[in-house]
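# Structural description and commentary
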Amino acid sequence: MAVMNMIEAINSGLETMMQRDENVVIMGEDVGYFGGVFRATAGLQEKFGKTRCFDTPISECGIIGAAVGMCAYGLRPVPEIQFADYIYPGMDQLISEAARLRYRSAGEFTAPMTVRSPVGGGIFGGQTHSQSPEAMFTHVSGLKTVIPSTPYDAKGLLIASIEDNDPVLFLEPKRIYNGPFTGYYDNPVSPWSKFAESEVPEGHYTVPLGKAKIVREGDAVTILAYGTMVHVAKAVVEEHDINAEVIDLRTLVPLDIETIEESVKKTGRCMIVHEATRTSGFGAELSALVQERCFYHLEAPIERVTGFDTPYPHSLEWAYFPGPVRIGEALEKIVGDLKS
Amino acid sequence: MADEKPKSNLPPLTLHVPEPKFRPGDAVDYSDLDIPPAGAQVRPDINTAPQDMRDMVYDMIRVLDDDHKAVGPWDPKLNDEILIKMLRTMVQVRTFDDRLHRQQRQGKTSFYMKCTGEEATSVGTAMALHGDDMCFPSYRQQGILFVRGYPMIEMVNQIFSNKADKLKGRQLPIMYSSRELNFFTVSGNLTTQYPQAVGWAMASASKGDSRIAAVWCGEGSTAEGDFHAAMTFAAVYNAPVIMNVVNNQWAISSFSGFAGAERTTFAARGVGYGIAALRVDGNDPLAVYAATSWAAERARTNQGPTLIEHFTYRAEAHSTSDDPTAYRSAQEREEWPLGDPIMRLKRHLIQRGVWSVEQQEQLDAECLKAVKEAVIEAAKNGILGHGLHQPFETMFQDVFEEMPWHLKEQAAQANKEREIKWPS
């Protein structure tokens, strides 16, 4: 075991897989010599050479398109898109090509790639360094979408993603790279080293895709969250002293519906929290699923707490972010009748 | 998978991954950089067909020689007043950059980007255009705004994301917009402005207008598909547009080789599309001005697009979020063989006998004073992170022309949260 923050855990996951499988290659803008703008690939070029970890032209369609071709050859590429906000020029290659290769060739060709990309706000990145576009990808058939919330999960899920034979979009919440975040932006960041989830095995292990994690047990309400919002939701629950069950989904597609269903049937209430915009967000899918499967167990309408349907603003970042006040209000609303 | 089949006995293939010549600590040697003497380049007639001027893409237009004289057919023969305006503008840009960079370091805003060493590529180009020509900048062309007289205080307001910010605190610092000055809103996504500029130029042509468009991107982002789509459209429709590639050698940590510079020049991209292309010493403000004038006249007389590569050097970090000492040799900047655009123009003016060291010192002081005043004035409107400068409704405005019900609901929610989070 070693103590790692999220970046170090991701770096360790990449290194572990490069060591184990010589078909694993890393490419992306600034990932080679420099080691990535967030340092996720630091040292990998030095260790594995320039044909295993290399810089690319600034062309997201080229990066993902080349990864599709490498998959066709038999490699297992792990391309990095520097910010999820930059992924759109690569959408055609990801959606129409990588995600459908297996289907359209009846399994002759597959795309076992893992596209890594930082997501989310909270760093004053403005509208081009803050987006959470996961729902655009969960809408695509043939693509898996993974979002870790701790160093331990980040490494384990990353290795599982790389070993998976289908394309995986691995979205890294950049706000929690260095430490979990409770939603109070003016408080100093507590580093991961102060938390048990920073204990990460140095070698190979996996956290299975499609398996959620109950991060806090409770019986008053089920909170579904992923990435940064897991930590914010957990902190709010404790602040309001409500015995909520908090579930970290970890993988959006394939979704661990069993864990969700079991929890909601137990609590009778469900609240969904995500940072992304509300309309057609992943929360809408979750809400529909819970309603379909747990309708007769529900004792209150399902609540969604999300970012607003605007581009991510720069100066009003913390008014945009679905923080403790927005979550707390929804929480009080959904369990209101329990308290009275 | 990859290793299942036995390998043949043919010689093994190797993957080429470009590597810059110099890394941190390396001694820099530019002796293999092909820099032709100033004044030696032919200036083709405005109506020359692209296929008859292909040599230009491998050459480099240079006007200021080693003795600081303006020489050769590309000398734009500008009068002293214009030259001094050019110098003054470049000095103001650099002073502004230094000062605002410092504001970011002091925590007054989140981000800043300098254009140090590249001032000529926006100031020289913008001065050669008409004020009503439409500019589609990337993020390092603040010089255009200075040429067009955009008030510095408005720039600082934007950088501080304060209550007077005309962009309502929505955009990352330096992502300016000024419709009034024909300066298109800057995007954080790369090269998206390229096809847009071509489209604007097509519209201008289809309406029988006389205005042209100009667009800028870095050499790194010529790798984006948008660049190539723009080149195709510009060629197909003979669009009146000037397409500038500012080749500053570095795209964050990736040297120009990752955009193809090991094989050919960026100007040579024009050849494949049948577009007239020029390659210019981007640290020579007179050469930049002259090349832009040539391209502008060509566009304005219905002779179509021009691609211009400005060969320059990014003297400082990509942005305040970057540290170039981790990936390139510090000597690169010190030894850059094309010098510094401000120094070169200053020496030219001194050589002409219309400028002096004392006047330069006075100019530097004036520029510093002006930017200091702008910063002080702007700070009165607030700085980022100190106070909530925009009414929360502004977050929901301009998503659509008219606010739909769901945004109205969300705006009400935001205001409610404000009362809880920040009670007045």
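Here the structure is shown first, and the text comes after it.
Here we summarise the structure given alongside this text.

How each quantity is defined
- Residues numbered from 1 in each chain as written.
- Chains lettered and ligands numbered in written order.
- Predicted model: local features only at pLDDT ≥ 70, side-chain atom pairs only at ≥ 80, totals over all residues.
- Heavy atoms only, no water.
- Pairing = 2+ DSSP bridges.
- Helix = DSSP H or I, 4+ residues; strand = E, 2+ residues; numbered from the N terminus.
- Axes fitted to C-alpha atoms, helices over the stretch in contact; angles between N-to-C directions.
- Contact = heavy atoms within 4.5 Å.
- Buried < 20%, exposed > 50% of the residue type's maximum accessible area, 1.4 Å probe, protein only.
- Right-handed = clockwise from strand over helix to strand, strands pointing away.
- Disulfide = S-S within 2.5 Å.
- Core = buried A, V, L, I, M, F, W, Y, C linked by side-chain atoms within 4.5 Å.
- Buried area = accessible area lost by both parts, 1.4 Å probe.
- Salt bridge = Lys/Arg side-chain N within 4 Å of Asp/Glu carboxyl O.
- Nonpolar A, V, L, I, M, F, W, Y, C, P; charged D, E, K, R; others polar.
- Patch = residues over 30% accessible without salt bridge, like charges linked within 9 Å, V, L, I, M, F, W, Y side chains within 5 Å.
- Areas by Shrake-Rupley, 256 points an atom, 1.4 Å probe, with all protein chains shown as cover.
- Parallel < 35°, antiparallel > 145°, perpendicular 65-115°, else oblique.
- Left-handed = near helix turned anticlockwise from the far one by under 90°.
- Phe/Tyr/Trp six-rings, centres within 6.5 Å; stacked < 30°, edge-to-face > 60°.
- Lys NZ or Arg CZ within 6 Å of the ring centre and 35° of its normal.

## A word on the sheet that holds strand S1 (residues 134-136) of chain B
All names here are of chain B. Taking strand neighbours across the sheet as the criterion, the five strands line up as S1-S2-S3-S7-S6 in an open arrangement whose pairing is parallel. At either end of the open sheet lies a strand with only one pairing partner, and these are S1 and strand S6 (276-281). Pairwise comparison of adjacent strand axes, ignoring direction, gives a mean angle of 20 degrees for this sheet. Summarising the sheet, S1 and strand S2 (residues 213-218) pair through three bridges and their orientation is parallel. Directly across from Cys 135, in S2, lies its bridge partner Ala 214. Across the sheet, helix H2 (residues 119-128) is in contact with S2, strand S3 (241-247) and strand S7 (306-311); its angle to S2 comes to roughly 175 degrees.

## Thoughts on the pairing of S3(B)
All names here are of chain B. Across the seven residues that make up S3, a large majority, seven, are buried. Judged by which residues are buried, S3 turns out to be covered on both faces: Val 241, Met 243, Val 245 and Asn 247 on one side and Ile 242, Asn 244 and Val 246 on the other are all buried. Crossover connection from S2 via helix H6 (residues 225-236) to parallel S3: handedness right-handed. Pairing of S3 with S7 involves six bridges; the strand directions are parallel.

## Here we look at the state of the cysteines
Within the structure shown, the criterion is met by zero disulfides over all chains. Note on B:Cys135: no disulfide assigned, nearest cysteine sulfur contributed by B:Cys115 at a separation of 14 Å.

## Some details on the nonpolar core
B:Phe96, B:Leu100, B:Ile174, B:Tyr176 and B:Leu278 are the most contacted members of the largest nonpolar core, which has 75 residues in total. When residues of this core are assigned to their parent elements, the largest contribution, ten residues, is made by helix H8 (residues 285-300) of chain B. Ranked by size, the runner-up nonpolar core spans 69 residues in total, among them A:Ile7, A:Ala9, A:Val237 and A:Phe321.

## Here we look at the interface of chain B and chain A
Many descriptions give the size of an interface as the accessible area lost when the pieces come together. With 53 residues of chain B at the contact, the number on the chain A side is 46 residues. For the pair chain B and chain A, the summed buried area comes to about 4,100 Å², and 60% of that belongs to carbon and sulfur atoms. Taken together, the connections running from chain B to chain A amount to three salt bridges. The shortest N-O distance in the salt bridge between B:Glu417 and A:Arg326 comes to 2.5 Å. At nine residues, the largest contribution of residues to the side of chain B that touches chain A is made by helix H12 (residues 405-421) of chain B. Each residue belonging to the side of chain B that touches chain A can be placed in one class, and the counts come to 26 nonpolar, 16 polar and eleven charged.

## Section: unusual backbone geometry
Following A:Val253, the chain continues into A:Pro254 via a peptide bond in cis, with omega recorded as -5 degrees. Summarising the element assignment, A:Pro254 is placed in the loop between strand S12 (251-253) and helix H9 (257-267). Its identity as a non-glycine residue notwithstanding, B:Lys77 has a phi of 50 degrees, on the positive side. We classify B:Lys77 as exposed; its relative accessible area is 64%. Even without being glycine, B:Lys168 reaches a positive phi, approximately 60 degrees. With respect to the element layout, B:Lys168 can be found in the loop between helix H4 (152-160) and helix H5 (193-206).

## Quick notes on a nonpolar patch on the surface
A contiguous nonpolar patch, built from B:Phe233, B:Val236 and B:Tyr237 and spanning about 330 Å² of accessible area, is present on the exposed surface. As for its position among the elements, B:Tyr237 is in the loop between H6 and S3.

## Here we look at the packing of H5(B) against H6(B)
Residue and element names in this part refer to chain B. Across the interface, H5 lies against H6 with an axial gap of 7 Å and an inter-helix angle of 20 degrees. Of the possible angle classes, the one that applies to H5 and H6 is roughly parallel. Considering only the axes of H5 and H6, their crossing is left-handed. Of the residues in H6, those in contact with Tyr 194, Pro 195, Val 198 and Met 202 of H5 are Asp 226, Phe 227, Ala 230, Phe 233 and Ala 234. Here the residues of the contact of H5 with H6 are counted per class, giving eight nonpolar, no polar and one charged.

## Quick notes on the pairing of strand S4 (residues 76-80) of chain A
Residues and elements named next belong to chain A. Of all five residues making up S4, five are buried, and the element is well covered by its neighbours. What you see with S4 is no split at all: Arg 76, Val 78 and Glu 80 on one side and Pro 77 and Pro 79 on the other are buried throughout. Direction of pairing for strand S2 (residues 24-28) relative to S4: parallel, over a ladder of five bridges. Each bridged residue has a counterpart across the sheet, and for Val 25 the counterpart in S4 is Pro 77.

## Describing the packing of helix H1 (residues 80-105) of chain B against helix H10 (residues 341-352) of chain B
Residues and elements named next belong to chain B. Contact geometry for H1 and H10: axes closest at 10 Å, N-to-C directions at 150 degrees. With respect to each other, H1 and H10 are oriented roughly antiparallel. Judged by the twist between their axes, the crossing of H1 over H10 is left-handed. Of the residues in H10, those touching H1 at Asp 80, Leu 83, Ile 84, Met 86, Leu 87, Met 90, Val 91 and Arg 94 are Pro 341, Ile 342, Leu 345, Lys 346, His 348, Leu 349 and Arg 352. Its residues placed into classes, the contact of H1 with H10 shows ten nonpolar, one polar and four charged.

## Regarding the packing of aromatic side chains
In this structure the tally under the stated criterion is 28 aromatic pairs over all chains. With a centroid separation of 5.6 Å and 70 degrees between ring planes, the pair formed by A:Phe181 and A:Phe321 is classed as edge-to-face. With A:Phe181 in the loop between strand S7 (168-173) and strand S8 (199-200) and A:Phe321 in the loop between helix H11 (317-320) and helix H12 (324-334), the pair connects residues that are 140 residues apart, well separated along the chain. Judged by its relative accessible area of 4%, A:Phe181 is buried. With relative accessibility at 1%, the residue A:Phe321 sits in the buried group. Seen from their ring centres, A:Phe308 and B:Phe396 are 5.0 Å apart, and the 65 degrees between their planes marks the pair as edge-to-face. Here B:Phe396 lies in the loop between helix H11 (357-379) and H12 and A:Phe308 lies in the loop between strand S14 (303-307) and H11, a pairing that spans two chains. An aromatic cluster of three or more residues is present, and its members are A:Phe34, B:Trp250, B:Phe255, B:Phe258 and B:Tyr327. Stacked on the ring of A:Phe181, the Lys or Arg A:Arg175 has its end atom at 4.0 Å from the ring centre. The lysine or arginine in question, A:Arg326, covers the ring of A:Phe308, its NZ or CZ lying 3.8 Å from the ring centre.

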